[in-house]
Amino acid sequence: MLPQGTIVAGYRVDGTLGEGGMGTVYRATQLSLNRVVALKLLAQELSDDQGFRTRFEREGQLQAALDHRHIVPVYEAGQTEHGLFLAMRLINGPTLKQLIQNGQLDTRRTLRILAQVANALDEAHSAGLIHRDIKPQNILIDKDDHAYLCDFGLIKSPDDAESLTGTGQFLGTIDYVSPEQIQGEPATAASDCYSLTAVLYECLTGQVPFLRTTEAATVHAHIVDPPPKPTELQPGLPVAIDGVIAAGMAKDPAARPGSASALIRAASAGLAGASPSAQPTRLTATGDDGGAQGTRLAGIAPAEVTRASAAATPSAAPTALSAAPTAPPVAAGPAEPASQRRAGGAWPVALALALAVAAVAAGVLVGHSSKKQRVETPLASSAAAGHLRLRYPSAWQLSTNPPTLPGTSFSSPIVLSSAAGTVDAGEVTNGGGPSLLSPGLRDVGTGGPPTGQPVKLGTTAALRYGPLHLRGTTGTVTVYAAPTSAGVATVACTAGTGTSGDFATACGRVAATLQLIGATAYPLGPMPAYARGLAATLT
């Protein structure tokens with residue numbers, strides 16, 4: 001990862017927007033025009049690989065050739081000592097995936113956004129180009145809900161004599177990929193239509209079409225299982241939409257709609273009987289300020305959350321840590337993991353369901369107590385490393401010191417320091433189990449095994465531990481641990497002596513700004529589908 005201020009072919013690196021297996025996307029300034037751009041840089045070790053070089057160069061050429069208002073414009077492509085790069089327009093807004101996870105879609109908004117994407121796809125298909133990786137992470141939303149399709153790294157042009165992968169391999173993201181791509185057959189416009197239908201299904205239900213506990217099970221479902229019915233998760237949707245999804249995700253490519261726009265027109269007709277405001281169900285919990293705070297756990301199917309809530313007390317919901325975060329600019333095409341993996345395998349079913357169903361609310365929303373007005377320090381600075389981003393007060397310092405949390409190994413850490421204490425954040429490489437804490441951290445604690453409290457860090461479900469007293473540290477430690485596809489995202493607040501209360505509150509506000517970059521949040525327990533899969537396996 002390049003440090004801030006690095007000059008790449010006339011572009012100054014100003015920060016990191018996303019990171020994936022093929023490279024990194026930076027926020028950068030084109031010095032000659034003083035223009036802010038998204039700078040996509042292929043990893044140096046891959047620049048020497050001819051297959052990656054060819055795919056990356058074609059991405060820039062073909063995306064630039066598609067001059068369409070709903071395709072992210074490419075300004076420049078080239079090669080420097082840092083590797084191959086693409087300079088693209090920076091889209092200031094969230095991805096469609098973030099809108100889904102935040103519960104910000106209704107049927108009308110879904111159709112408005114996907115109609116634009118379908119129009120861009122039809123333009124590409126008319127030029128003989130196949131995207132091959134349609135997913136909500138690759139759909140960026142600018143102001144006024146202007147949608148952009150991005151990340152054409154896997155695009156296939158009509159003059160490709162052979163696939164850029166080896167025999168028996170497929171390109172695409174596993175939750176949305178078509179059966180023919182999985183089986184190594186040539187991708188066509190109908191393949192993109194299948195993936196767009198999978199995206200439509202997720203927008204309507206809040207869940208990917210084939211939610212399974214393993215990649216192998218997901219692949220198998222795409223090939224042999226019948227298309228899922230949205231009405232099974234959202235009974236308020238018209239039954240006609242089930243037929244639209246079934247046609248768009250038909251196993252036979254010839255049975256799918258003739259174009260992406262035809263698919264969205266059929267969906268519009270099928271949803272004509274639905275309320276425009278219909279959206280995936282979310283749980284709400286009332287804070288002491290009387291306001292309804294959304295508590296939908298990222299990754300939990302809305303219908304499953306609703307069923308689970310029936311068994312819980314009215315106040316049984318994770319505490320929402322509020323820091324009034326704002327969505328950062330999203331770069332064109334930040335690479336993300338190939339699949340929204342399932343975090344059920346290591347969880348004892350009874351404990352995990354208990355966490356998801358019977359979480360005890362802490363009562364007071366950080367920074368929003370009605371009993372006492374408190375002036376909060378603005379979180380004006382930000383730091384990003386690995387798959388995490390945090391905002392913090394400008395009076396705090398971004399430190400180059402290594403993390404000091406005992407018994408814990410961080411990948412790509414962020415270390416912050418203030419007069420009152422320090423913050424260690426990053427992906428914990430030796431964490432796991434139902435507690436999400438590393439064995440080394442549990443071993444140095446005093447007073448017996450710690451008990452985690454379910455909380456929300458922005459839209460990410462997490463467990464909060466603390467205040468803890470750890471051997472080898474002065475003061476107290478509060479730890480936030482969130483399961484993600486990139487590991488356990490951890491924020492540890494170590495307070496100095498005599499400052500534990502105020503610092504813990506301030507650090508809680510910082511933890512609440514947690515955002516994942518190129519990673520997917522997991523719920524605090526497995527889906528009912530995991531329990532069913534486990535039961536079937538044991539049987």
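Remember, it's a predicted structure, so these values are computed and weren't measured experimentally. (Residues numbered from 1 in each chain as written. Predicted model: local features only at pLDDT ≥ 70, side-chain atom pairs only at ≥ 80, totals over all residues. Heavy atoms only, no water.)

## Quick look at the pattern of salt bridges
- Counted under the stated rule, the structure contains seven salt bridges.
- With a shortest N-O distance of 2.6 Å, Glu 202 and Lys 97 are connected by a salt bridge. Here Lys 97 lies in helix H3 (residues 96-101) and Glu 202 lies in helix H6 (residues 189-205), a separation of 105 residues in the sequence. Each member of the pair Glu 202 and Lys 97 is classed as buried.
- For Asp 133, the salt bridge identified is with Lys 135, shortest N-O distance 3.8 Å. In this pair, the class of Asp 133 matches that of Lys 135, namely buried. (Salt bridge = Lys/Arg side-chain N within 4 Å of Asp/Glu carboxyl O. Helix = DSSP H or I, 4+ residues; strand = E, 2+ residues; numbered from the N terminus. Buried < 20%, exposed > 50% of the residue type's maximum accessible area, 1.4 Å probe, protein only.)

## A look at the packing of aromatic side chains
- The tally for this structure, following the rule as stated, stands at two aromatic pairs.
- Directly above the aromatic system of Tyr 75 lies the positively charged group of Arg 35, at a separation of 3.7 Å from the ring centroid. (Phe/Tyr/Trp six-rings, centres within 6.5 Å; stacked < 30°, edge-to-face > 60°. Lys NZ or Arg CZ within 6 Å of the ring centre and 35° of its normal.)

## Remarks on the environment of Tyr 176
- Residue position: Tyr 176 is located in the loop between strand E8 (147-149) and helix H5 (179-182).
- When the C-alpha atoms of Tyr 176 and Met 249 are compared, they prove to be 9.8 Å apart, with 73 residues separating the residues in sequence.
- A polar contact is formed between the side chain of Tyr 176 and the side chain of Glu 202, at a distance of 2.6 Å. (Polar contact = N/O pair within 3.5 Å; in protein donor to acceptor, adjacent residues only side chain to side chain.)

## Re the pairing of strand E20 (residues 487-495)
- Among the nine residues in E20, eight count as buried, and that is most of the element.
- Sheet topology note: the strand E16 (residues 421-428)/E20 ladder contains eight bridges and is antiparallel. Paired with Val 428 across the bridge in E20 is Val 488.
- With eight bridges joining them, strand E19 (residues 477-484) and E20 adopt antiparallel strand pairing. (Pairing = 2+ DSSP bridges.)

## What to know about unusual backbone geometry
- In this chain, Gly 466 is followed by Pro 467 through a cis amide linkage whose omega measures 0 degrees.
- Take Pro 467: it is sitting in strand E18 (residues 460-468).

## Section: the pairing of strand E4 (residues 35-42)
- Of all the eight residues making up E4, six are buried; the element is thus mostly covered by neighbouring parts of the structure.
- Where strand E3 (residues 23-30) lies against E4, eight bridges are found, and the strand directions are antiparallel. Residue pairing across strands places Tyr 26 opposite Leu 39, the latter belonging to E4.
- Joining the antiparallel neighbours E3 and E4 is a turn of four residues, in which Asn 34 adopts a positive phi near 55 degrees.
- Here five bridges tie E4 to strand E6 (residues 83-89), and the two strands are oriented antiparallel to one another. Across the sheet, residue Leu 41 finds its bridge partner in E6, namely Phe 85.

## Section: the confidence of the model for the chain
- Looking at the chain as a whole, its pLDDT mean stands at 75, while 68% of the residues score no less than 70.
- Below a pLDDT of 50 lies the segment residues 153-170, which in the model reaches 42 contacts outside its immediate sequence neighbourhood of four places, other chains included.
- Between residues 281-316, whose pLDDT stays under 50, and residues either more than four places distant or in other chains, the model counts 77 contacts. (pLDDT = per-residue confidence, 0-100. Contact = heavy atoms within 4.5 Å.)

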